[in-house]
Structures are given as structure tokens and as C-alpha cells.
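Results of the structural survey
The lines below spell out each chain.
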Amino acid sequence: MKLDAKTPSGPLDQKWSRFLLEMKLVSPANKRKLDVIVVGAGLAGASASASLGELGYNVKCFCFHDSPRRAHSISAQGGINAAKNYANDGDSVYRLFYDTIKGGDFRSREANVYRLAEVSSNIIDQCVAQGVPFAREYGGLLANRSFGGAQVSRTFYARGQTGQQLLIGAYQALARQIDQGTVEMHPRTEMLDLVVIDGRAAGIVVRNLVTGEITSHSADAVVLATGGYGNVFYLSTNARGCNATAIFRAYKKGAAFANPCFTQIHPTCIPVSGDQQSKLTLMSESLRNDGRIWVPRKKGDSRAATDIPEDERDYYLERKYPSFGNLAPRDISSRAAKEVCDEGRGVGPTGKGVYLDFADSINRLGADVVKERYGNLFEMYERITGEDAYKTPMRIYPASHYTMGGLWVDYLLMSNVPGLFVIGEANYSDHGANRLGASALMQGLADGYFVLPNTIGHYLAETKPQKIQSSHPEFKNAEDATASRIHGILQTNGTRSPYSFHRQLGKLVWEKCGMARSESTLKEALELIPKLRAEFDRDLRVPGTASEFNQTLEHALRVEEYFELAELMCRDALMRAESCGAHFREEFQTPDGEAFRDDENFSYVAAWEYQGRSKPPALHKEQLEYEEVEMTQRSYK
């Protein structure tokens, strides 16, 4: 396997413009002859499908929801970053670039991150033109607020519904292309395999989730925009339907999986309330702008929050990180919360919680202002917990959220399998070892609206792919393999549901490869996961048939992938004998408990190649080189 980043030469701030000047083009008449498949219809997939359709390509867009408007992008709350400097507080493209590189603990590709910062301003203009109702200041300019890991206000927002509003804008653009006939929409359809012919991505095999029918679709290029794999932990902030099947099937067909151990834990999640809970709910990071995080100074203090006086409270983020305070990055804030709870100072029934308190802001700004900024979030919190956060502090605790790992891509957002492009959270490229808040929406829309439409055209013009029909024998082979896999699952006839296996696997991965990892816990996980997988193969029970709407079957197919993915995550974490960003190996800490990087030995992207189920994957390395930034020990103090 050869990993060629295809990064343009020249100064960092000229690489993207140089690529645009030198890229090869497809004429309008020829675009009408080319077919592109897009899997996923969230922000990245919808914006890519709409943009490619507008350019004149024949696009087929697949999503397992009944409508693209149900994509998980809708759940993003706090905002989207852009280097507009509307707040006149010193922001710039370079500062956004540097904050992102530093936030990722210097484990992302420099050129990709700079391009992300460079096109960020265009995203806001695009979305405003689509009618996205961003918050505005009194004078009419778009409003900004701060987010973790930055000392400027660059986050654009629509109350606590930013993801929903952005997705509606992208969906409107997509619907327009569907109406014009350039995009063919396939809802309630799940990709179950990638077809590779002569070393190039040629199409996909899908299952209709209503009828169970398995069909094939060919194309000149395939785009995966299927999100992350955070549900490997079972309990996460992701929607229950989020899964890793598409990217993992591509991995099994030769696409390299990069940095799988880089999984982000979000610090502001509503704590776990019971053993039978099926998912967790995120409270937006934007709340940390006006909320102060604290725990009691004394261990085991069971008094109500309002009964604990100010001098008996520990505002531990403000104490430990005075420069950034409550807006310290997610990985640091999460570990700090775990630390105080492990000391016995956690709050709530389980002791796994800290307070997010708005009393000071309400006194300073007034309840009406706080309600205007975050009202829907407070309402959501009260519906879930039964507590009024205007009167008593919210309780929060870290939980699995975003995945920085994903399929390896080059500067063109193409995987090492020619013709297979990967965008948004499904790829690894922009966030390194930790994603800063409000950057996921930025990456998804940057990839879909501005990057992919150019790079995929360059690929198609350069390669002139031969038209392959879905009648090719390789498609039939892939369909037969998929049907055989489904048949095997249905015929196991054991005693346990896929949900029980998923819960057990998720707890194991969370405990052994979650907020903190060590050599001993990772080795233990690598022994336990194959044993649990063997039990899954032996004792799984899936009722119903394959020729009907069968959500238990859907889940079983996804859980099957999670076993191998969990093993790959632990193998990657064990190999990376350092701490960086959200990858925190307990053996590698600074004297004051912060992540300690080893740039001499691990300044690379770890790209894993599938070798077969019975063989360990092969490790390939893309060395990271920085021309513009100096790799320093990260500090937010």
C-alpha cells in the first residue's frame, strides 16, 4: 500500500489556490455522462450531492433514513466556526488554522487544516444565502460566541439548533437538484459493501430496509459521507442509527483506516442514569460560555448545590487553566471532570457528574438573555432530568461523542482506493487527536460545498474511468457475499439479542479504551473482544426474515462490524505509546497530569490495512511534516 498525500507544493497559504489553478476540468457536456454515488445525506453528503448535481453530474444519493432531514447532523447544537473576525478580536485564517492544529495536538495534516480554515468564511456566506437564520447582533451583523480551545469569538450559531438549521439549508439545495433530476434519492437504503474492480471503486451493494431487496449500483466515483463510529461504545451522544458499516466495508476492500484510537469524549453530557439506558444526550459546549463548572471541595458532600457556599466550591477548570477556564478543549475538560469524580467529589446519584452552573450569568445578564441564547437547551435538559437549570445547576459528565479517526484520505479527499472519496466525519484528515468544538459542521460543509466538487472533477478528468455496469460479475459476487452474510446471522438461532452484545462490547471498550488507556487495559481488551465475538457468532438470535423491515437484523449487521473495529481501535491505541489529545495513555503524562506527546517516534498518521479476519492488520505510516507551525507541548494554562 502506498500513501501519497498529493499535497500541492508551494507556500501553505497558496496550496489550495494553486491546486484550483492547475486542476484538470470536466466539460459541462461530459459531466452529464458521469455517475457519482454519494452514501450519506447529512451535512457532508447533502451538500456534496447538491453541489455535484448543480455542476451537472448524475448523482445517486443513498441514506438509511426515510428523509435526509433525519441525519445525525441535525443534533449539532452550538455552532460553526469561521474566520470572519466580525468580533474584531484578532481572529484570522491563520489563527483558526493554528487553533485547529494545536487543538488536535499536532497530529493532523497541515495543508488540509489550512484549507479548512481558508474556506470557512465561504461556508457562512453560502448558508446565509440559503436562508440559515444565524443569530444577529443589534446592528444586523451575524453574532459570534466563543468555543473551547479558542480565545476569540468565531462561532456562528442559531440558538442551540445550528446543526438543524444548516441541515435544512443543505437539504433545500439537495431537494432542488432532486426536482431538477440531477440527483436520484434512495432513502431507507443501507450500503452493505463496496465493489472494487481493477483496483478502482466501481459501485456499492445496498439493502432496501423496507423490503430487504439487495441490489447493486455502479458509478464512476463513490463518495462516503456516513459519519463517525462513536456508537462502538454503545452509550454515546450519537443517534442510535449511527454506525460504521460503510467505512468498515470499504476498509475490508482495501481502504486504509487511519488513527482509529482517536475518539473524542465530550465533557458536557447528561450523566448516565441507569443500566438499561440506550443512548446519552449532549448539552452543547456553547453552554460553557456562560456556565461555570464546579464540584464541592469536600469529598462526599451530599448537600444540594444551592446549599454549598461559594468558598466551598472548586471551579477546577478556572483554577487549573486560567487562560481558557471553562472553555478549555474537550479532551482536557473531560479528563479534569473524571479526575475530580475519581477523587470522590462527583455529584448526583452515581457520583459521576459535575455542576454546570448559570447563577452568575443569570445575575449578570438576566434570565431573559440566557433564555434567548440557550432556551431550547434548558428546555431539553428539563424534559430529560425533570430539573430546572435556571434554579439549580445542570449535572454533566463526559461521554463518547466524535471520532477523529476514519478512512485515510489524501489532499483530494480520496482514499488509497482510487475513485473512493471520503468526506466529513467518515475521514480522518482535519482534526488530529482531538476536535475543537464547532469544527465538525465546518468540515462537513467545507468538504461538501467547496472541496470535493473540485477534487472529484480533477480525478474524473485525469483518469477518464471506463464505464462499468452493475451487470459486471464482481457486483454479483458482492451481492451473493452480502446475502450469505445475512443468511448466516439469521440462521445462528442462539439466545442473545444483538443489543445485549452491543451493550457488553461498548462497556468493555469504554472501560479499557475510553477516556484513559494503558498497556494493561488494552492488552486485556484484545483478549476479551475476540472471546465475546466468538460468543456472538455462536449465540446470536435475530427473529424475523431478511425480506421484511427488520431493525434487529440491521443492528446485528452493524454490531458484527463493531467487534472488529473495537479490536482495531485497541490495537492502534496499544501501538501508539504516547499521549496526545483525546488519546490518553496513563503511562505517558507530564508531571502535572497532562498528555505527553512523543514527536520523535509518533509524529505520523497510523493507517491500517486489512489482512483478513484471522490475521493482524498491517500498519502503514504517513509522516507528518509541519512547514508553518512549531510542534510545542500543548498548554491552555
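A short note on the pattern of salt bridges
Across all of its chains, the model carries 57 salt bridges by this definition. When the shortest N-O distance is used, the salt bridge between aspartate 599 and arginine 107 registers 2.9 Å. One end of the pair, aspartate 599, is in helix 17 (residues 599–602); the other, arginine 107, is in the loop between helix 4 (93–103) and helix 5 (110–129), and 492 residues separate them in sequence. Looking at aspartate 599, the relative accessible area reads 27%, which means it is partly exposed. Each of the salt bridges in this network shares a partner with another, and the network as a whole consists of Asp105, Arg107, Asp331, Arg335, Arg576, Glu578, Arg597, Asp599 and Arg634.

Quick word on the layout of surface pockets
Estimated volume of the second largest pocket: approximately 840 Å³. Along the wall of the second largest pocket there are 29 residues; nearest its centre are Leu235, Val272, Lys507, Trp510 and Glu511. Counting only elements with at least two residues in the lining of the second largest pocket, the list comes to helix 9 (330–345), strand 15 (394–403) and helix 14 (498–513). Looking at which element gives the most residues to the lining of the second largest pocket, the answer is helix 14, with six residues. Here the residues of the lining of the second largest pocket sort into 14 nonpolar, seven polar and eight charged. Among the domains, domain 1 (266–401) and domain 2 (473–575) are the pair contributing at least three residues each to the lining of the second largest pocket.

Quick look at the side chain of aspartate 572
Here aspartate 572 is to be found in helix 16 (residues 551–575). For aspartate 572, which is buried and forms no salt bridge, the nearest opposite charge comes from arginine 576, at a distance of 5.0 Å.

Details of the sheet that holds strand 1 (residues 35–39)
Sheet architecture is open: five strands sit in the order 5-2-1-9-17, paired in parallel fashion. Two strands lie at the open edges of the sheet, namely strand 5 (183–186) and strand 17 (420–422), each paired on one side alone. In this sheet, adjacent strand axes meet at a mean angle of 20° when their direction is disregarded.

Let's talk about the packing of helix 7 (residues 245–252) against helix 16
Helix-helix packing: each pair is described by the crossing angle between the helix axes and the interaxial distance. The N-to-C vectors of helix 7 and helix 16 enclose an angle of 60°; their axes lie 10 Å apart at closest approach. Between helix 7 and helix 16, the angle is such that the two are oblique. The handedness of the crossing between helix 7 and helix 16 comes out as left-handed. In this structure, helix 7 contributes Thr245, Phe248, Arg249, Tyr251 and Lys252 to the contact, and helix 16 contributes Leu557, Arg558, Glu561, Glu564, Leu565 and Leu568. Considered class by class, the residues forming the contact of helix 7 with helix 16 number five nonpolar, one polar and five charged.

Quick word on the nonpolar core
Ranked by internal contacts, the top residues of the largest apolar core, which has 146 residues, are Ile80, Leu224 and Leu420. For this core, the leading source of residues is helix 16, giving 13 residues. With sequence-adjacent residues up to four places away left out, leucine 420 is seen in contact with Leu194, Ala201, Val222, Leu224, Ala250, Ala255, Leu413, Met414 and Ser415. Membership of the second largest hydrophobic core comes to 31 residues, among which are Ala328, Cys341, Ile396 and Tyr397.

Definitions and limits used
Residues numbered from 1 in each chain as written. Predicted model: local features only at pLDDT ≥ 70, side-chain atom pairs only at ≥ 80, totals over all residues. Heavy atoms only, no water. Salt bridge = Lys/Arg side-chain N within 4 Å of Asp/Glu carboxyl O. Helix = DSSP H or I, 4+ residues; strand = E, 2+ residues; numbered from the N terminus. Buried < 20%, exposed > 50% of the residue type's maximum accessible area, 1.4 Å probe, protein only. 1 Å grid on protein atoms, 1.4 Å probe; cavity = no way out; pocket = protein on both sides within 12 Å on 5 of 7 lines; lining within 4 Å. Points joined across faces, edges and corners; volume = space filled by probe spheres on them. Nonpolar A, V, L, I, M, F, W, Y, C, P; charged D, E, K, R; others polar. Domains from an automatic or database assignment. Lys, Arg positive; Asp, Glu negative; His and termini not counted. Pairing = 2+ DSSP bridges. Axes fitted to C-alpha atoms, helices over the stretch in contact; angles between N-to-C directions. Parallel < 35°, antiparallel > 145°, perpendicular 65-115°, else oblique. Left-handed = near helix turned anticlockwise from the far one by under 90°. Contact = heavy atoms within 4.5 Å. Core = buried A, V, L, I, M, F, W, Y, C linked by side-chain atoms within 4.5 Å.

All we've got here are geometric facts, nothing functional implied.
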